[in-house]
Amino acid sequence: MKTVFITGANKSIGFETARQLLKEGYSIFLGSRDLKNGQEAVEKLKSEGLDNVEAIQIDISKDESVKSARIEIGKKTDVIDVLINNAGITGGFPQSALEATSQQFLDVFETNVIGQVRVTQSFIDLVKKSNEPRIVMVSSSQGSLTLADDPNNIYYHHKGAVYQPSKSALNMYSLVLAYELRETPVKVNVVDPGFTKTDFNGHRGTGTVEAAAARIAKYAMIANDGPTGKFISEEYNPETGECPW
Ligand SMILES: NC(=O)c1ccc[n+]([C@@H]2O[C@H](COP(=O)([O-])OP(=O)(O)OC[C@H]3O[C@@H](n4cnc5c(N)ncnc54)[C@H](OP(=O)(O)O)[C@@H]3O)[C@@H](O)[C@H]2O)c1
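Rules and cut-offs
Residues numbered from 1 in each chain as written. Predicted model: local features only at pLDDT ≥ 70, side-chain atom pairs only at ≥ 80, totals over all residues. Heavy atoms only, no water. UniProt positions renumbered as here; feature names shortened; annotations may be inferred. Salt bridge = Lys/Arg side-chain N within 4 Å of Asp/Glu carboxyl O. Helix = DSSP H or I, 4+ residues; strand = E, 2+ residues; numbered from the N terminus. Buried < 20%, exposed > 50% of the residue type's maximum accessible area, 1.4 Å probe, protein only. Contact = heavy atoms within 4.5 Å. Phe/Tyr/Trp six-rings, centres within 6.5 Å; stacked < 30°, edge-to-face > 60°. Near = heavy atom within 4 Å. Polar contact = N/O pair within 3.5 Å; in protein donor to acceptor, adjacent residues only side chain to side chain. Areas by Shrake-Rupley, 256 points an atom, 1.4 Å probe, with all protein chains shown as cover. Nonpolar A, V, L, I, M, F, W, Y, C, P; charged D, E, K, R; others polar.

As annotated in an unreviewed UniProt entry, the chain is Dehydrogenase from Neptunitalea chrysea. Its UniProt record gives the chain the following Sequence similarities (unreviewed entry) comment, quoted word for word: "Belongs to the short-chain dehydrogenases/reductases (SDR) family."

**Student:** So what exactly am I meant to see when it comes to the pattern of salt bridges here?
**Tutor:** Two side chains that carry opposite charge are able to pair once their charged atoms sit near each other. By the definition in use, this model includes 14 salt bridges. Across the pair Asp199 and Lys11 runs a salt bridge whose closest N-O atoms are separated by 2.9 Å. Pair noted here: Asp199 is in the loop between strand E6 (187–192) and helix H7 (209–220) and Lys11 is in the loop between strand E1 (3–6) and helix H1 (12–23), with a separation of 188 residues, a long-range link. Residue Asp199 is classed as partly exposed on the basis of its relative accessible area, which comes to 45%. Here Glu64 and Lys67 are joined by a salt bridge, their closest N and O atoms 3.7 Å apart. One end of the pair, Glu64, and the other, Lys67, are both in helix H3 (residues 63–76), three residues apart, so they sit about a helical turn from each other.

**Student:** What's the story with the environment of Gly91 in this structure? I'm lost.
**Tutor:** Relative to the helices and strands, Gly91 is located in the loop between strand E4 (82–85) and helix H4 (102–128). Judged by its relative accessible area of 35%, Gly91 falls in the partly exposed class. Here the alpha-carbon distance between Gly91 and Gln103, two residues 12 residues apart in the chain, equals 9.7 Å. Contacts of Gly91, omitting those with residues within four sequence positions, involve Gln104 and Val108.

**Student:** I keep staring at the packing of aromatic side chains and nothing clicks. Help me out?
**Tutor:** Two numbers describe a pair of aromatic rings. These are the distance of the centres and the angle of the planes. Within this structure, the stated rule accounts for six aromatic pairs. For the ring pair Phe93 and Tyr163, a centre distance of 6.4 Å and an interplane angle of 75° mean the geometry is edge-to-face. Of the two residues, Phe93 sits in the loop between E4 and H4 while Tyr163 sits in helix H6 (residues 163–180), which places them 70 residues apart along the sequence. In this structure Tyr163 comes out as buried when scored by relative accessible area, which is 8%. When the centroid spacing of 6.4 Å and the interplanar angle of 35° are considered together, the rings of Phe105 and Phe109 count as tilted. Placement of both Phe105 and Phe109 in helix H4 is noted, with a separation of four residues, approximately one turn of the helix. Accessibility expressed as a relative area gives 28% for Phe105, which makes it partly exposed. Among the residues examined, Phe109 registers a relative accessible area of 23% and is labelled partly exposed.

**Student:** Explain the environment of Ala178 to me, please; I cannot follow it from the model alone.
**Tutor:** With respect to the helices and strands, the residue Ala178 is situated in helix H6. The sequence separation of Ala178 and Thr228 amounts to 50 residues, and the corresponding C-alpha distance is 6.7 Å. Setting aside residues no more than four positions away along its own chain, Ala178 makes contact with Val188, Thr228 and Gly229.

**Student:** Help me understand the site of the ligand in this model?
**Tutor:** The local shell around the ligand holds 29 residues, among which Asn10, Ser12, Arg33, Asn86 and Thr198 are the closest. Residue Arg33 places a side-chain N or O atom 2.6 Å away from an oxygen atom belonging to the ligand. With respect to the ligand, the backbone of Ile60 contributes an N or O atom lying 2.9 Å from a nitrogen atom. Surface burial for the ligand is 93%, taken as the share of its 900 Å² of free accessible area covered by protein chains. The set of elements that each furnish at least two residues to the shell around the ligand consists of H1 and H6. Taken together, the residues that form the shell around the ligand break down as 10 nonpolar, 13 polar and six charged.

Rendered as structure tokens:
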């Protein structure tokens, strides 16, 4: 049975991704910043007959928490087949380029960029032990420089001076990561779940968590001849799924 670790999986898109992968027969370590929320999420999945799931406390913005999660998971498995870096924050809107504070930038980058780096670096040894290793970086088409500059983009006027650069930085980190792992079986892809109705945006999103999670799960399960180093947005391009960087 393949093993998955998902951060920020106690609710919303991460939770639904855990549910879909459980249904596909994967075993899940369900990352949650608050262990109690994680355990409640696990109980909900178990009540649906999805048993191969365990809550792991992890706050990706804190070195010590990520180290503890790595130690805990290391006691339970030698291999992580799929790492899904899903946890993320917006930092609150509006975010003006002229008025956003340095603290807003520090908080959002601590989670959306450095948090993903911490988790990736801490868990890569377990990922490399998989026969078919996959890393999915959950980003956003809001991180696309090309789309941010395109007046025809439906989200052209949805600007966020803190959140958008954090996802652009995550995208570039992911490209470098994919490059460094290019001679290994590890596939690294960046997936935009699409504008989804969750707490993240006060439920203003237009898509469902089911559709968002399916987009992530697809790249968690891609075959050995699948892509690596791609930026995928099926919302932006339903046919090819490719999103401009
Ligand atoms: N919703 C959208 O429209 C949309 C669009 C594009 C991309 N995305 C991306 O999709 C991902 C999931 O979004 P969502 O809509 O599911 O958001 P959400 O409803 O706000 O859930 C975010 C999850 O991340 C967790 N989290 C936040 N900071 C964390 C930290 N420091 N350490 C560990 N966990 C942390 C949250 O934990 P708590 O419950 O403890 O807060 C929660 O489990 C994010 O990366 C987001 O940028 C979302």
